[in-house]
Every structure is written in C-alpha cells, then in structure tokens.
Amino acid sequence: MAKLIILEGLSRTGKTTIANHLRDNGYGRIVSLKEKMPECKDMTSFYKGCFYSYDAFFEAFPDETFILDRSFLSEMVYPELFKRPTSIDANYIFDFVTNHEIHLFLLTNKHSDYLERGPKDCFVYTETDYDILTYLFDQNLAKVERYIKSSVINTSENNITETITLIKNKLWKTTKNTQ
C-alpha cells in the first residue's frame, strides 16, 4: 500500500513550498502537476487521466511514500465552483482513499493573505469565491476524513516554518503510534 502525504487546499497556502521541504528532508517523493489548471478544453478528461495515472503509479511503487502538491481530492471541490462536470466518480475516490495509507493536510488562509502572496491562478478569486472554496473543501473533504488521517492548518495563523513544523510533528506522531 502506498503511503501518501497530501497537501490540499486553497491557493497560495504554501503547498509547493511545503512539498519541496518535505522532499528535501527525506519524507518522500513529490508527485505534482506542473500545470494545475492547463488551458485545455476538456478539463474533465485531463483530471480523470491524472487520477488514473496516480493510481497506477502508486500501485507500481507500493513501498514508497509520495507527497502530492494538490491532489485528486480537489476534484470533489472545483467542478462545483466552476460549474463543470466532475471528472472522477466519487466511488473511485472512496475506493482509492480506503486502499491507501493517507495523511491529508488541508491548508487554508485568509483571502487578504492569498492576494498578498500573489495569486498565480488563471484568474484571481474574489473574496466570495474564496469563501465558497473554503466551504466546499470543508464539506467535501469531510466525506473522506473518516478513512484517512487529516489535519487542517491555517497558514494565515502559522507562518511557513510553523506550518512545516506542525506537519512534521503530525507525521512523526503518526509514525511513532504505528510502530
């Protein structure tokens, strides 16, 4: 069973920075899409293909730990926000999370911090969009939380160093408790 560390959540919360730090400190390999929102016409097929590729990749390396900088769990959120078809059937997601050892870190922040950190999205989220995203992440990820270890960290309340320390402590505590 592949072990997954998933850094999920709102834009500009430090997911990539944290993933790089964890990789550089021996916590696992990063699996990340360089282009999270490509300019393609069929986003549904794009994300569905990514999900199936991840699943096959994890099955091929069952003893590795992987760090996902954003993940397939976003597909439980963004289709609703953008009013597009969902790319991954919820049953596939539930099957995946029940068959992999996962620790999810949901990273949140305030809209003002998102703006201050310089959004790189295709468009800049309004405060209303950001509130909707926060709500959608909370509601949709609650559906899988009983199957995985999860933590919510607000990066507006914790700087990047504090956030990394919180994540490392959670990962260490989980490892210690399973030995």
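Up top is the structure these notes are about.
Before going into details, it helps to say that this report is about the structure given with it. (Residues numbered from 1 in each chain as written. Predicted model: local features only at pLDDT ≥ 70, side-chain atom pairs only at ≥ 80, totals over all residues. Heavy atoms only, no water.)

### Considerations on unusual backbone geometry
With the exception of glycine, most residues fall at negative phi, and the peptide bonds are largely trans.
Here is step 1: In the Ramachandran plot, Arg12 falls in the positive-phi region, its phi being about 65 degrees despite a non-glycine side chain.
Here is step 2: Mapping Arg12 onto the fold places it in the loop between strand 1 (3-9) and helix 1 (15-24). (Helix = DSSP H or I, 4+ residues; strand = E, 2+ residues; numbered from the N terminus.)

### What to know about the packing of aromatic side chains
Here is step 1: Applying the stated criterion across every chain, the model contains 13 aromatic pairs.
Here is step 2: Ring plane angle 55 degrees and centroid distance 5.9 Å describe the contact between Phe58 and Phe96, whose orientation is recorded as tilted. Residue Phe58 is found in helix 2 (residues 43-60), and its partner Phe96 is found in helix 4 (residues 90-98); the two are separated by 38 residues along the sequence.
Here is step 3: Residue class for Phe96 comes out buried when judged on its relative accessible area of 2%.
Here is step 4: Between Tyr125 and Tyr130, the ring centres sit 6.5 Å apart and the planes meet at 50 degrees, which makes this aromatic pair tilted.
Here is step 5: Given a relative accessible area of 2%, Tyr130 falls into the buried group.
Here is step 6: Taken together, the aromatic side chains of Phe51, Tyr52, Phe58, Phe66, Phe72, Tyr92 and Phe96 make up a single cluster linked through ring pairs.
Here is step 7: Its guanidinium or amino end placed over the ring of Phe61, Arg29 lies 5.9 Å from that ring's centre, counting from NZ or CZ. (Phe/Tyr/Trp six-rings, centres within 6.5 Å; stacked < 30°, edge-to-face > 60°. Buried < 20%, exposed > 50% of the residue type's maximum accessible area, 1.4 Å probe, protein only. Lys NZ or Arg CZ within 6 Å of the ring centre and 35° of its normal.)

The values are spatial; any link to function lies outside them.
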